[in-house]
Amino acid sequence: MIIVEQLSKQFVREAGLGWRRSKSVVQAVKDIHFSAADGEVTGLLGANGAGKTTTLRMIAALLPADSGRVLVDGVQVEAGKQATQARMGVLSDARGLYPRLSARENIAYYGVLHGMSHDEANARATALADALDMRALMERRCEGFSQGEKMKTALARALVHDPQNIILDEPTNGLDVLATRALREFLAWLKSPAGGSKCILFSTHIMQEVERLCDHVVIVAGGETVAQGTVAGLLDQAAESNFEDAFVKLAFA
Ligand SMILES: Nc1ncnc2c1ncn2[C@@H]1O[C@H](COP(=O)(O)OP(=O)(O)OP(=O)(O)O)[C@@H](O)[C@H]1O
């Protein structure tokens, strides 16, 4: 379970050169708060620049927050510290695979970094290859992989240590209909008791994805949580019958 309380983050942006150089402050995240339960898919839904990636990076302990806190299974996240990382699997937007390593080596290497033995990591890589239908890819080097192949490899790598909490930044970016459908089915399995009742948190700006996949939706605009609930609850809240209309009303009204 992930609990996010009053999270905020500023960046200092530099522009120009020499005497024209100037600095400005960007408040990327102002006040994000929500909780993501086990056995559920929670979606962070927001327009470009709303603060989704910054929020996920703070949750994943990749970036320190200015204020607020994140609890993962009751343990407070501290950027750069290991305490909560064993409990999280993170798929970032930049897939970051090693091109010269095979899919299996990319996946197993992460397992070893998480303290698994080579044999354990290899066995887990094989099990994930079965679950993600990627056996044919396993011994190929990652350079030249398609978007879908990269996503599957990066997802398997994020899950190698069987984390309870799964954080995915725009996981369907660049995927075709079939790959998106396969990912959706896999996430639905992961949240089910058979898949371990995982807590799945992902960011997106695609309405359809949210409607089909999310048990809980957090609408983010201008770095703030502006509404949250089920899709049906948000439709009610906005008094709309179409989810896109509800989103626009709740995010920008
Ligand atoms: N390292 C950084 N330095 C300066 N500004 C940043 C940095 N990272 C993010 N920002 C700014 O913070 C704001 C929120 O960015 P963020 O990437 O979190 O949004 P997002 O909701 O993920 O957007 P998108 O859907 O376009 O990926 C944007 O205005 C962005 O330009």
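Refer to the structure printed above.
The rules behind these values
- Residues numbered from 1 in each chain as written.
- Predicted model: local features only at pLDDT ≥ 70, side-chain atom pairs only at ≥ 80, totals over all residues.
- Heavy atoms only, no water.
- Core = buried A, V, L, I, M, F, W, Y, C linked by side-chain atoms within 4.5 Å.
- Buried < 20%, exposed > 50% of the residue type's maximum accessible area, 1.4 Å probe, protein only.
- Domains from an automatic or database assignment.
- Contact = heavy atoms within 4.5 Å.
- Axes fitted to C-alpha atoms, helices over the stretch in contact; angles between N-to-C directions.
- Helix = DSSP H or I, 4+ residues; strand = E, 2+ residues; numbered from the N terminus.
- Parallel < 35°, antiparallel > 145°, perpendicular 65-115°, else oblique.
- Left-handed = near helix turned anticlockwise from the far one by under 90°.
- Near = heavy atom within 4 Å.
- Polar contact = N/O pair within 3.5 Å; in protein donor to acceptor, adjacent residues only side chain to side chain.
- Areas by Shrake-Rupley, 256 points an atom, 1.4 Å probe, with all protein chains shown as cover.
- Pairing = 2+ DSSP bridges.
- Nonpolar A, V, L, I, M, F, W, Y, C, P; charged D, E, K, R; others polar.
- Phe/Tyr/Trp six-rings, centres within 6.5 Å; stacked < 30°, edge-to-face > 60°.
- Lys NZ or Arg CZ within 6 Å of the ring centre and 35° of its normal.

1. Concerning the nonpolar core
Leu 45, Met 134, Leu 155, Leu 168, Val 217, Ile 219 and Phe 243 are the most contacted members of the largest nonpolar core, which has 50 residues in total. Of the domains in this structure, domain 1 (2-87 + 164-252) and domain 2 (95-162) are the two that each give at least three residues to this core. Residues within four places of Leu 155 in sequence aside, it is in contact with Leu 91, Leu 132, Leu 168, Leu 183 and Phe 186. Grouped together as the second largest cluster of nonpolar side chains are 23 residues, Leu 63, Cys 199, Val 218 and Val 220 included.

2. Focus on the packing of helix α2 (residues 103-113) against helix α3 (residues 118-131)
Angle between the axes and distance between the axes: these two values describe a pair of packed helices. Where α2 contacts α3, the two axes come as close as 8 Å, and the packing angle between them is 130°. Considered as vectors, α2 and α3 are oriented oblique to each other. Our pair here, α2 against α3, has a crossing hand that is right-handed. From α2, Arg 104, Ile 107, Ala 108, Gly 111 and Val 112 reach across to α3, where they touch His 118, Ala 121, Asn 122, Ala 125 and Thr 126.

3. Focus on the site of the ligand
Around the ligand, the structure places 13 residues, and the nearest of them are Arg 13, Gly 49, Lys 52, Thr 53 and Thr 54. Contacts to the ligand include Arg 13, whose side-chain N or O atom sits 2.7 Å from an oxygen atom. In the environment of the ligand, an oxygen atom lies 2.9 Å from a nitrogen or oxygen atom belonging to the backbone of Gly 51. Across the complex, the protein chains shield 66% of the 640 Å² of accessible surface that the ligand would expose by itself.

4. Thoughts on the pairing of strand β4 (residues 67-72)
Relative to β4, strand β1 (residues 2-15) runs antiparallel, the two sharing five bridges. In the sheet register, Ile 2 faces β4, and the bridge partner there is Val 72. Where β4 and strand β5 (residues 75-76) come together, two bridges link them in antiparallel fashion. Along β5, the bridge assignment pairs Val 72 with Val 75. Taking the residues between adjacent antiparallel strands as the criterion, β4 and β5 are bridged by two residues, where Asp 73 takes a positive phi near 50°.

5. What to know about α2
Among all positions of α2, only Ala 103, Arg 104, Asn 106, Ile 107, Ala 108 and Gly 111 are buried. For α2, the secondary structure elements touched by its buried residues are α3 and α4 (147-159). Of the residues one or two after α2, Gly 115 is the one with positive phi, at around 95°.

6. What about the packing of α4 against helix α5 (residues 177-191)?
For the pair α4 and α5, interaxial distance at closest approach is 12 Å and the crossing angle is 15°. In terms of orientation, α4 and α5 fall into the roughly parallel class. Considering only the axes of α4 and α5, their crossing is right-handed. Along the contact surface, α4 presents Met 151, Leu 155 and Leu 159, while α5 presents Leu 183, Phe 186 and Leu 190. Split by residue class, the contact of α4 with α5 holds six nonpolar, no polar and no charged.

7. Quick word on the packing of aromatic side chains
Overall, the coordinates contain four aromatic pairs when judged by the stated rule. Summarising the aromatic geometry, the rings of Tyr 109 and Tyr 110 are spaced 6.4 Å apart at their centres and angled 70° between planes, so their arrangement reads as edge-to-face. Tyr 109 gets classed as partly exposed once you look at its relative accessible area, which sits at 38%. A relative accessible area of 27% means that Tyr 110 is categorised as partly exposed. When the centroid spacing of 5.9 Å and the interplanar angle of 25° are considered together, the rings of Phe 186 and Trp 189 count as stacked. Note that Phe 186 and Trp 189 are positioned in helix α5 at a spacing of three residues, about one turn of the helix. Three or more aromatic residues joined by ring pairs form one cluster here, namely Tyr 98, Tyr 109 and Tyr 110. One cation-aromatic arrangement involves Arg 157 over Tyr 110; the distance from NZ or CZ to the ring centre is 4.4 Å.

Function cannot be inferred from these measures alone, as they are strictly geometric.
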